[in-house]
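# Notes for the structure review
Here's the letter readout for the chains.
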Amino acid sequence: LYRSFALPWPAPCMAEGADAKLYKEFHATPQSLDILSLRTLLRLLQSERRNRAERLEVLEDRLQITNSELAFRRCEADECRDKLYEAQRKHQAGYRERDRYALADGYDQAAEALEQRTAQIRRSMEQVLLEQITQVFGREKRDQHGFVTQGVRDLMIIKSEQEEVRERTFRDTILVTYVMPYSEQKQHLTYRVADSTTVKTLKEDACMHWELNEAEFVLKVANNSKVHDALKVTACFRPNEDGHFLLVYKTPKNPSVLPSEYADILPKHGRKRFLTRREEGRQDMTSIRMQGAKVKSKSLAEEMLLLPGLFRFMTQRDRKVKKHLRSLRLRTICAYFVLVFLTAFSIAVLRPPRVGYECTTGISETITGGQHPQTFDTIRSEEDIWQWLEKSVSVEVFSDDSMLREYNYLVGYLQVLIQQVSQPSPANCKGVEGEASAANFSCVHSAFADSTADRSPQRKLENHWASKVAQDGRSMEKPWEYRKMSHPTSGAHSEAQAFQRTDGSGNRFEYQLQYTPLSVVRSAFLSDMHFLKQAGWLSDQTRALHLSFVAYNANHQMWIWNRYTLEVSAFGTIHPLAHIEPFRPHLLEYGLDYELLISDIVRFCLLLFLILQELVEFRHECKETGSSWKQLVTVQTLVDFSILIFFLVALGFRISYYASEPSVSYALSHLDSFRDAGQVAENYGVHVCLESVLLALCLYRFVYFLRVNRSVYIVWLSVARSASYLLRLSPLLLLVFLGFLVLGMSAGNKVHECNRNFGAMVSCSLLILSGDYHPAQLEPGESLRLIYVILLFCFGRLIVANIWLSILMQEYHSARVEAGFSPETYKWREYDWVNWCMPWPLNRLYLKLRPSIVPLQSKA
């Protein structure tokens, strides 16, 4: 890498200050620079190269614009030249025609002199006019390259002050809306009008456009006032009023007068107030006014319809919400309750309470805890790795009196898997820019994969291990040979992307865990680790070291898959990763032979019954309404089908466990060679997660059917309606929250743990919204972060939370009034309970035995 940069640098790359000092040190003693300085120098050169490329692109754009302008000017010059040639040709043709007629009629010298003088005067006048026009319009203002140059004043349009004031208030665009008679439809059209356009002209044009009779329509402004036809359009509106006309149908003439209208025009005082002005209208004034009042008065419902929302609010109690009770049957509630109970029972059998925690924590504390000089979490160098293998793993795994073996039985073999990439090569170098030759670089792969694995023969390792295979507790594996894994495994996720968690390929070192005496296996393990340490087996080609074994806890009857990974990135950083997963290889054991099987059969039958009931309800809705496809896309129907799908997937996993080998056979299979249990443990965990999701969906449906209770129905309806409002606002809220995240990443301290990546900022922001934030976390100089915390708290807790809380309270009160303000109104009697609880045969029998409970409405 030093030799690759030993080249003369171009002069423009020189910088000032610390950069210039770095250049001088590189030219003077290139071997003395460390890798960090070289990386800094490389970044500076790459930045200079990008700047040059940007400047070159700008110059190319300018050159292209200049070439376009030059081509345009050339075309313009060619057109002018062609026009000049055409004019000269016509002029010469005119002279020849004149000479021809002069020769025919005779030559007149005086006339010829007069004509020449007239032509000279015409040319002089044209020259003077051309100079004056050039001075006024600046047509000959050109630079040295022949391009026209114009000043700012040449491009301005000079107007008087009166014209400017007039243009500020002049309205040249008018919107005309055609209101269709006896309909709510409207059509819009915009017109460009002149200063002299009248309302009559505009109405005629609008009626012609919509093919209407102009005598039957009139133009009105927005306040429903008719405008005169002789007015100008620009004078019909105030300065702050919208230019909007309504083309409406004229009110037809009414030849008759209503009694209410006649009563309103009678005198209110004097002796004539009791007299009528028409012979047919002779009646008492009181009766006339009462008749007029009857015509004018409207019902309360009609008056409420005029105000938006008032009719809906005042008629809430009249709705009598009982329609949802028809689909809430007792058998469905019982079916979902049994599903919830059996699913919870299956989870308790698969992953008993406290068992998973106790099994994993007991092994984790012995292997990775602080009981030994070198803990697993504090490994940061290769020396720490060897110390952990020699002083922690060997003591706990290969000692009869260790705490790990006191509560767990170690099965099969312990495997030490090392994954290394191929030798450094120039072909692996990517992203290196500059004038350095690629042949001077030797780069290694950053991640271990099948295409980057080191498959070269390890002669030194073969010479040492050839005579020790299957000796002192070692397995028959040949660690000097690369072995590809035939099936995937499972482990912790990579942090530096240096390996794949499901890849078990590499060089393997395996040691038997049931070999007696264990002291011999421990001595062999320590000897092998010492040899690998002396041979420098952990190098810059190493990407991961995995230590795997299987344990069995007899107290809880659980198997534990253990895989401890030491990930080594391409930059030399080490990430310790532990993965401990409890599992069971076979389910029809441990005193639960047929309980799970019976539970699965019952759940399958219940799900079939619920799906069949959904189909029956669908057909019933089709008969009543003619179309009920909307019922198939509701949330409840989708949840039912999701329950069936998740159960079938979980049942597929369960059948594979039912058909697997028993635990004794599984334990004996570990005696022959190392058997990877990662995939079995991962499938077991996925199986339990599927059961948990199934339990959540069943609980949702069970609570949904509990809406038969008034309180549950009110709470459910309130939350559902308020959630629908929040769902509509969610795109806007997500955008605002994303803006806060970007603000937090830019305003926060770069070394703060919340600024590691976008996910860390999301987690910290959610903790701030939940109130989990301490002022002691702020460091001096983080005023911007304090402002960000205050703004985020105000937005999330004071605005969003309070808005949703107010919506929830409003919907709760609306649902409470709709469901009956007085619960006594909707209280069930014995007849209601009998109809809801008992099936049809028992229902009729009970009503025959107790006919007194049947209400009068049902008897009728």
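Everything that follows concerns the structure shown earlier in this document.
Just so we're clear, the structure is a prediction, and the values are computed from it rather than from any experiment.

This part is about the overall build of the chain. Looking only at helices and strands, one finds 25 helices and 9 strands in the chain. Split into buried and exposed, the 860 residues of the chain put 35% on the buried side. A fraction of 67% describes how many contacts in the chain between residues 6 or more apart in sequence connect residues 24 or more apart. With an accessible surface of roughly 54000 Å², the chain has 58% of that area assigned to carbon and sulfur atoms.

Trp388 and Leu414 are the most contacted members of the largest nonpolar core, which has 43 residues in total. The leading source of residues in this core is helix H12 (residues 382-397), at 6 residues. With near-sequence residues (within four places) excluded, Leu414 lies in contact with Val393, Val397, Phe398, Phe509, Glu510, Tyr511, Leu513, Phe525, Leu547, Ser548 and Phe549. Grouped together as the second largest cluster of nonpolar side chains are 23 residues, Tyr336, Leu339, Ile611 and Phe705 included.

The next thing to look at is H12. End to end, H12 covers 21 Å across 16 residues, agreeing with the expected 22 Å (1.5 Å per residue, within 8%). Remark: the principal bend of H12, roughly 30°, maps to Trp388. For H12, the buried fraction is high: 12 of the 16 residues fall into the buried class. Along H12, the residues that are buried comprise Asp384, Ile385, Trp386, Gln387, Trp388, Leu389, Glu390, Ser392, Val393, Ser394, Glu396 and Val397.

Before going further, it helps to spend a moment on the sheet that holds strand S2 (residues 186-192). Taking strand neighbours across the sheet as the criterion, the 4 strands line up as S2-S1-S4-S3 in an open arrangement whose pairing is mixed. With partners counted over all chains shown, the strands left at the sheet margins are S2 and strand S3 (217-220), one partner each. With strand direction ignored, the average angle separating the axes of adjacent strands in the sheet is 25°. Set on the sheet, helix H5 (residues 199-210) makes contact with strand S1 (173-179), S2, S3 and strand S4 (244-249); between it and S2 the angle comes to about 130°.

Turning our attention to the environment of Tyr336. Checked against the element boundaries, Tyr336 lands in helix H10 (residues 330-350). The contact partners of Tyr336, leaving out residues within four places of it in the chain, are Leu610, Asp640, Ile643, Cys698, Arg701, Phe702 and Phe705. At a separation of 2.4 Å, a polar atom in the side chain of Tyr336 contacts the side chain of Asp640. Only 3.3 Å separates the side chain of Tyr336 from the side chain of Arg701, close enough to count as a polar contact.

Let's shift gears to the sheet that holds strand S8 (residues 558-568). Sheet strands associate in pairs through backbone hydrogen bonding, adopting either a parallel or an antiparallel arrangement. Taken together, 5 strands build an open sheet; the order of strands is S6-S5-S7-S8-S9 and the sheet is antiparallel. Two strands in the sheet have a free side with no partner beyond their single neighbour: strand S6 (507-512) and strand S9 (574-583). Between one strand and the next, the sheet's axes are offset by a mean angle of 15°, whatever the strand orientation. In this sheet, S8 lies alongside strand S7 (residues 542-553) in antiparallel orientation, the contact comprising 10 bridges. Note that in S8 the partner of Asn553 across the bridge is Met558. Strands strand S5 (409-420) and S6 of the sheet are contacted by helix H15 (residues 518-534), whose axis makes an angle of about 160° with S6.

Glancing now at the environment of Val218. Tracing the backbone shows Val218 in strand S3. The spacing of Val218 and Thr251 is 33 residues in sequence and 9.8 Å in space, taken between C-alpha atoms. Residues contacting Val218, with those up to four places away along its chain left out, are Lys203, Lys226, Leu246, Leu247, Val248 and Lys250.

Another aspect to go through is the pairing of S4. Relative to S4, S1 runs parallel, the two sharing 4 bridges. Residue pairing across strands places Val176 opposite Phe245, the latter belonging to S4. Two elements, S3 and S4, share 4 bridges in a ladder whose sense is antiparallel. In the sheet register, Phe217 faces S4, and the bridge partner there is Tyr249.

Looking at the secondary structure, you find Asp454 in the loop between S5 and helix H14 (459-465). Among buried Asp, Glu, Lys and Arg side chains, Asp454 stands out as unpaired, with Arg455 the closest opposite charge at 8.2 Å. Within the structure, Asp454 has its side chain in polar contact with the side chain of Ser456 (distance 2.8 Å). With near-sequence residues (within four places) excluded, Asp454 lies in contact with Gln420, Val421, Ser422, Tyr482 and Gln541.

What counts as what
- Residues numbered from 1 in each chain as written.
- Predicted model: local features only at pLDDT ≥ 70, side-chain atom pairs only at ≥ 80, totals over all residues.
- Heavy atoms only, no water.
- Helix = DSSP H or I, 4+ residues; strand = E, 2+ residues; numbered from the N terminus.
- Buried < 20%, exposed > 50% of the residue type's maximum accessible area, 1.4 Å probe, protein only.
- Contact = heavy atoms within 4.5 Å.
- Areas by Shrake-Rupley, 256 points an atom, 1.4 Å probe, with all protein chains shown as cover.
- Core = buried A, V, L, I, M, F, W, Y, C linked by side-chain atoms within 4.5 Å.
- Expected span 1.5 Å × (residues − 1).
- Bend = angle between axes of the 7 residues up to and from the residue.
- Pairing = 2+ DSSP bridges.
- Axes fitted to C-alpha atoms, helices over the stretch in contact; angles between N-to-C directions.
- Polar contact = N/O pair within 3.5 Å; in protein donor to acceptor, adjacent residues only side chain to side chain.
- Lys, Arg positive; Asp, Glu negative; His and termini not counted.
- Salt bridge = Lys/Arg side-chain N within 4 Å of Asp/Glu carboxyl O.

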